[in-house]
Amino acid sequence: MKKSVLIVLLMTALILGGGISFAVTEWLFVDESQLETTGITEEQYTDMLNELSESVQLPKVVQAFNQIQSNYLNDVTDEQLIEGAISGMLNSLGDPYSEYLNVETMKSFNEQIEASFEGIGAEVSMVNGVVTIVSPLKDSPAEKAGLRPNDQVITIEGESTEGLDLLEAVTRIRGEKGSEVVIEVKRANSEELIPFTIIRDKIPLETVYRDLIEKDDQSLGYIEITNFSENTANRFLEELSALEAEGIDGLIIDVRGNPGGLLEVVQEMLREFIPSDRPYMQWEDGNGEKERFFSNLDEEKPYPLTVLIDEGSASASEILAISLKEAVGANVVGQTSFGKGTVQTTVPMGDGSSIKLTVMNWLSAEGTSIHEVGVEPTIDVKQPDYYYSSPIVLEDTLRPDTVSNQVRFMQVMLEGLGYKLDRNDGYFSEETAKALQAFQADEELTGTGELDQQTADLIQTRIIERIRSGQDDRQKERAIESIIK
């Protein structure tokens, strides 16, 4: 009976434990909730155990537990079976955002609440059973290496990710500053797996960046938000006040590549823009009951707003974009966002572990759900083709008259770097060879006009530098145009 009581205790904790939310900006996810913490006494716990044992088919669970302990070929501990049972219950939900966080994972998460953490700096999710990049963080090793939203992580250090849960994959990828990890990803426009060798680093958690854009005798405020963490709202309001003090004629909020964060933080920001006569967001529980949220603001800002989004904008970023779009008519510029419209809370299990559980859907100001759909921009703008090009991986040097995807990737990137070509369909023409030879000459490489791995790597380096410098940022340019009439 002691074993069965132990299982009942754990199940009760799963169902009735208090919710405590926390923010973790690592290369995994950020929890989103503002649910209140609850607690129960030992007497209440006993009463609930009695009720639970009558309502749940515990004998079946206990029978399986005892059969494994008595008859399984190899040694197995109680802890191992209990941990597996909890993980199994959460996996059975089929929800990539609900999962078990064991003691080691929670310890790691709590350490990361501090000013920085060490890793590669990318947000991931489980999409259709595949570990998938949501977005690399700004200035992170992942961004510098060229990882992109929707890249599927197929191998880590040569071992397949098939069968791994998200936490196992994250554990294998994270590591100390200066250490190296090799992953292979599958990208939509490439048939081959693309290898990335990434040097882990310390990932700072600065989340707000401000700029003032002067154009056509107008001053536009520009604020980039890379994540919605604990101090983001305060930093945003500081930078917004500084820009407003300079008399801005409009504001651009850039949440491209922002994977989300704390729900309460984005709510605090929305209350600065959406007046009290309309909701700034809603949420819906499992029974379909909705709650609307209102600010105390008297009136809208006296200047127009534009929000920049892309396929790496998720969760809290999407709340910001669609609520400003619906409630105050802000333009949304870019590409359709990721599509995460659920809210999670963490439930402590009493031993240092927790479960992360989806508890409700968030909805826009007008009650729109974007889950698995994303926010559609009001002004659809794609970046230049080279922004979406895949890294070039060669087995042999490529020469004129060959045809391959690797040649096509090279052509797209050379065009992006300003070299003139006659085609970009993957056929290695004489004009392509001339353009390649010109690049090699400019980079002080041997001008063979042939594509070897050294030349390919340098082309990719120059492209990444160009993207990170903001050159040819069509989305940002269009955002500016949307405000300046």
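Every residue gets a number counted from 1 within its own chain, in the order that chain's sequence is written. Totals for whole chains, interfaces and linings use all residues, but because this is a predicted model, local features are given only for residues with pLDDT of at least 70 and pairs of side-chain atoms are given and counted only at 80 or more. Where side-chain values are given, they derive from all heavy atoms of the structure, hydrogens and water being excluded.

Peer 1: Explain the packing of helix α11 (residues 405–416) against helix α13 (residues 453–469) to me, and be specific about the residues and the numbers.
Peer 2: Contact geometry of α11 with α13 gives a least axis separation of 10 Å together with a crossing angle of 45 degrees. Relative to α13, the element α11 is oriented oblique. The hand of the α11/α13 crossing is left-handed. Residues Met410, Met413, Leu414 and Gly416 of α11 pack against Ile459, Gln460, Ile463 and Arg466 of α13. Along the lines of polarity and charge, the residues of the contact of α11 with α13 split into five nonpolar, two polar and one charged. Each axis is a line fitted through C-alpha atoms, and for a helix only the stretch in contact is used; angles between axes span 0 to 180 degrees, taken between their N-to-C directions. Runs of E in the DSSP output that reach at least two residues are strands. Runs of H or I that reach at least four are helices, and both are numbered from the N terminus. What sets the label is the angle itself: under 35 degrees gives roughly parallel, over 145 gives roughly antiparallel, 65 to 115 gives roughly perpendicular, and the rest give oblique. For a crossing to be left-handed, the near helix must be turned anticlockwise from the far one by less than a right angle; the clockwise case is right-handed. Every residue pair with non-hydrogen atoms within 4.5 Å of one another is taken to be in contact. When residues are sorted by character, Ala, Val, Leu, Ile, Met, Phe, Trp, Tyr, Cys and Pro go into the nonpolar class, Asp, Glu, Lys and Arg into the charged class, and all the rest, Gly among them, into the polar class.

Peer 1: So what about the pattern of salt bridges? Which residues, and what values?
Peer 2: When a carboxyl oxygen of Asp or Glu is within 4 Å of a side-chain nitrogen of Lys or Arg, the pair counts as a salt bridge. In this structure the tally under the stated criterion is 22 salt bridges. As a salt-bridge pair, Glu246 and Arg210 come within 3.8 Å of each other at their nearest N and O atoms. One end of the pair, Glu246, is in the loop between α8 (232–245) and β12 (250–254); the other, Arg210, is in strand β10 (residues 208–215), and 36 residues separate them in sequence. Residue exposure (1.4 Å probe, protein chains only): buried if accessible area is under 20% of the type maximum, exposed if over 50%, otherwise partly exposed. By relative accessible area, Glu246 is classed as partly exposed at 45%. Here Arg210 falls in the partly exposed class, since its relative accessible area comes to 40%. Among the charged side chains, a salt-bridge network with shared partners connects Glu206, Arg210, Arg235, Glu238, Glu239 and Glu246.

Peer 1: Please give an account of the environment of Leu417 that cites residues and values.
Peer 2: Following the sequence through the fold, Leu417 ends up in the loop between α11 and α12 (430–442). Separated by 45 residues in sequence, Leu417 and Arg462 have C-alpha atoms that sit 7.7 Å apart. Residues in contact with Leu417, not counting those within four places in the same chain, are Phe439, Ile459, Arg462, Ile463 and Arg466.

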